[in-house]
Structures are given as structure tokens and as C-alpha cells.
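Listed here are the chains, written in short residue letters.
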Amino acid sequence: MRGDDMNANLLSLDSLSLIEDSDHVTVDDECDTDAGEVKDVSSTGELYLQACKLVRVAPVTYFLRHLGCDTINMNHHGLGPLGGKALAIALVTDMNITTLQLADNCLSADGARYLTQMLRANFTIQHLDLSNNHLQSAGAECVAKMLLENISIKSLKLSGNKFAEDDARWFADAFASNYRVKELDLSHNHFSARGGEHLGQMIANNVVLEVLDLSWNRLRMKGAVAFCAGLKVNSTLKHLDLSWNGFGNEVALALGEALKFNNTLVHLNLNNNRMTDEGVSMLCKGLEANDMLRVLKVRLTDLYSVCHTHQSLQQL
């Protein structure tokens, strides 16, 4: 990225600015933390303390104590949107953290907006977990648009964020041109018919994604069949989790057809998808022409039939 583009990104982060409609404070001002005083903090820590003062949230001592580490695990800290904003301000120029875990922090779409603005300038963070933060549709849009500009994120967890049916289109658009992210977790959301269509387009067009978790969604019938069409032409996925989606036998047929042509998938989880023996038989027909798949997970009563047909499979 050119220097002037970087400056433009930094200057556009209005919502992360320390110059707000608030009394100016300095690091020397009194600022309580959630677990006592932390001394000798870095410049990032000083910026974080100042940001916490400005947005009126208590600093998280864990963050201050682990500055300089490449992994920051702040899961379950109850940050909220403003806590996310203070953290985002501090991380705009941080050059140490490569893994940032923020699951279950009630960030909401506002918190996601602050963090994704930060990620338009910070190109050090490679692994990000925003699971279970009630991001919903507005948050999905923020994250997806960030992926169009960020060049460092390699793995992204967005499980349990109540993404709605049509939110999948944001990710389909983002991953059509994002060639960095290799692992994506969209499990425990609300993708169904149209969601499956968008996600099918996503994996059909993306040429980098290797690990995808779509478990605990509602990819049934039309949506699941559309997703299988994308899987048929995908050339990069290695691990795919489609468990707990209620596929049924109709989708087993489409999935078996996809496996005839897909030559990269090595691990497939289909647990708890309402497939009968008939559905398993249809799946097995596709496996007869597939030499790549090594691990297939289905409910135990189906395993004998599947493994007997495809001897190279291994149960985990």
C-alpha cells in the first residue's frame, strides 16, 4: 500500500480520534484499572489509558500487562462497544500483536465498527476472533468491508453473531477479492436458503480459503444444494464443517455429485444432518470417484456403509 493511501486511512478514522467532545486528559491524570495499578506501560499502553479515560471505561489490566506479547486473549472481558473503541484506538499503530481474541465481549455492531476501522490501518494482526459478540447484520457489513482493504488477516472467527440470511452476501463479495484469509468460522449463525446461495458463490470464486466452518446453520434444501454447486468447482478448501445443518437425503445427492469433482477436500464433517441409509448411499456414489477425502464424519450408524465404500477414509 502506498504511503499516501496509508495516511488517508489513518486520517479517516474519525471515530477513533482522541480529539472528541470531552475534556482533554493526559496519561498523568488519575485512571483506575480493573485490577490495580500497572506501572511502566508502553506507548501503546499510555494511549490505551488515555482512550479509556476519554470514552469513560475502566482499563483492562490484562491488556496492559501483556503488551509486547504476540497473542492477546481478551475473551469474556465484557468490553462492550466503548471498551472496544478504547482498544481500537490503542491498536491502530501497535506492531506486536498478531493474534487478537475478543470472543464474548458484547461488542455489538458499534464495537465491530471501531475495530474494523483500526484494522484498515493495522496490518500486524493476523488472527482475529470476534465470536459471540452480537454483531448482527451491521457488524457483518463492517467486517466484510474491512476484508476488502486489510492485507494481514489470515484466520477469522465470527461464530454466533446472529448473522441473518442475506448477510452472507457481504462475505461472498469480500472473499471474491480477498486472497489472504485461509480460515473462516461462520458457525452458529442463521444462514439458510439465500445464505447458502451466497456462500456457494463465495467458495466458487475464492482461491485461498482452506478451512471453513458452517456448522449449526440452516443450510437446507435449496441453500445447501447451491452451496454444493460451489463446492463442486472449489479448488482450495481442505477442511469443511457442515454438521448440524439438517441437510437430508436431497442434499446428500448434491454433495455426492460435488465430491466427484472436488479434488482438494481432505476433511468433511457431516454429523447430525438427517441422512438416512438412502442418503448415505447417494453420498457414497460420489466418494467412489474421489481419491482425496481422508476424513468423513457422519453419525455412527452411517459410518460402516460409508467407510466400506471408501476404504481410504479414516474416522476421527
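Described below are features of the structure shown in this document. (Residues numbered from 1 in each chain as written. Predicted model: local features only at pLDDT ≥ 70, side-chain atom pairs only at ≥ 80, totals over all residues. Heavy atoms only, no water.)

### Focus: the overall build of the protein chain
For clarity, the cut-off: Secondary structure counts use DSSP, requiring at least four H or I residues in a row for a helix and at least two E residues in a row for a strand, with both numbered from the N terminus. The rule is simple: take the accessible area with a 1.4 Å probe, protein chains only, and divide by the maximum for that residue type; under 20% is buried, over 50% is exposed, in between is partly exposed. Residue contacts follow a heavy-atom distance rule, with two residues in contact if any of their heavy atoms lie within 4.5 Å. The Shrake-Rupley method, run with a 1.4 Å probe, gives the accessible areas here. Residue values count only the displayed protein chains as cover.
In terms of regular secondary structure, the protein chain is built from twelve helices and nine strands. The proportion of buried residues among the 316 residues of the protein chain is 53%. Nonlocal contacts in the protein chain, meaning residues at least 24 apart in sequence, comprise 80% of its contacts between residues at least 6 apart. Put simply, the protein chain shows about 14,300 Å² of open surface, and 49% of that area lies on carbon and sulfur atoms.

### So, the pattern of salt bridges
It is possible for side chains of opposite charge to pair when their charged atoms get near one another. Heads up, the rule is: The working definition used for a salt bridge is a side-chain nitrogen of Lys or Arg within 4 Å of a carboxyl oxygen of Asp or Glu.
Evaluated as defined, the whole model comprises six salt bridges. Its salt-bridge partner being Glu141, residue Lys145 comes within 2.7 Å of it at the nearest N-O pair. With Lys145 and Glu141 both in helix α6 (residues 136-147) and four residues apart, this pair spans about one turn of that helix. The partner of Lys222 in a salt bridge is Glu197, with the nearest N and O atoms 3.5 Å apart. Of the two residues, Lys222 is situated in helix α9 (residues 221-233) and Glu197 in helix α8 (residues 193-205); the sequence distance between them amounts to 25 residues.

### Quick notes on the environment of Leu199
With respect to the element layout, Leu199 can be found in helix α8. Residues Leu199 and Ala172, 27 residues apart in the sequence, show an inter-C-alpha distance of 6.0 Å. Non-local contacts of Leu199, meaning those with residues more than four positions away in its chain, are made with Ala168, Leu186, Phe191, Leu214, Leu219 and Phe227.

### Here we look at the packing of helix α2 (residues 43-55) against helix α4 (residues 80-91)
Our working rule: Fitting a line to C-alpha atoms yields each axis, with helices limited to the stretch in contact; the angle taken between N-to-C directions then spans 0 to 180 degrees. By the definition used in this description, the sense in which the near helix is turned from the far one sets the handedness, with an anticlockwise turn below a right angle giving left-handed and a clockwise turn giving right-handed.
The interhelical angle for the contact between α2 and α4, taken along N-to-C directions, is 150°, at an axis separation of 8 Å. Pair α2 / α4 crosses with right-handed handedness. Residue-level inspection shows Thr44, Leu47, Tyr48, Ala51, Cys52 and Val55 of α2 in contact with α4, the latter providing Leu82, Lys85, Ala86, Leu87, Ile89 and Ala90.

### Brief notes about helix α10 (residues 249-261)
Buried within α10 we find Asn249, Val251, Ala252, Ala254, Leu255, Gly256, Ala258 and Leu259. Packing partners of the buried residues in α10 comprise α9, β8 (267-269) and α11 (277-287).

### Focus on the packing of aromatic side chains
The following threshold applies: Only centres within 6.5 Å qualify two rings of Phe, Tyr or Trp (six-membered ring in Trp) as a pair; their planes then separate them into stacked at under 30 degrees, edge-to-face at over 60, and tilted for everything else. Lysine NZ or arginine CZ positioned within 6 Å of the ring centre and within 35 degrees of the ring normal marks a charge as sitting over the ring.
Following the criterion strictly, the structure yields three aromatic pairs and no others. Considering the side-chain rings of Tyr48 and Phe63, the 4.7 Å spacing of their centres and the 65° angle between planes classify their relative orientation as edge-to-face. Here Phe63 lies in helix α3 (residues 61-65) and Tyr48 lies in helix α2, a separation of 15 residues in the sequence. For Phe63, a relative accessible area of 0% puts it in the buried group. Measuring from centroid to centroid gives 4.3 Å for Trp216 and Trp244, while their planes differ by 10°, and the two rings are stacked. Residue Trp216 is found in the loop between β6 (211-213) and α9, and its partner Trp244 is found in the loop between β7 (239-241) and α10; the two are separated by 28 residues along the sequence. Judged by relative accessible area, Trp216 falls into the partly exposed class, the value being 39%. For Trp244, a relative accessible area of 38% gives the class partly exposed. Cation over ring: Arg113 sits above Tyr114, and NZ or CZ is 5.2 Å from the ring centre.

### Here's the deal with the packing of helix α5 (residues 108-118) against α6
Under the convention used in this document: Roughly parallel means an angle under 35 degrees; roughly antiparallel means over 145; roughly perpendicular covers 65 to 115; every other angle is labelled oblique. When residues are grouped by polarity, Ala, Val, Leu, Ile, Met, Phe, Trp, Tyr, Cys and Pro land in nonpolar, Asp, Glu, Lys and Arg in charged, and all others, Gly among them, in polar.
Here α5 crosses α6 at 10°, and the two axes come no closer than 8 Å. In terms of orientation, α5 lies roughly parallel with respect to α6. Judged by residue contacts, Ala109, Ala112, Arg113 and Thr116 of α5 engage Ala138, Gly139, Cys142, Val143 and Met146 from α6. Residue composition of the contact of α5 with α6, grouped by class: six nonpolar, two polar and one charged.

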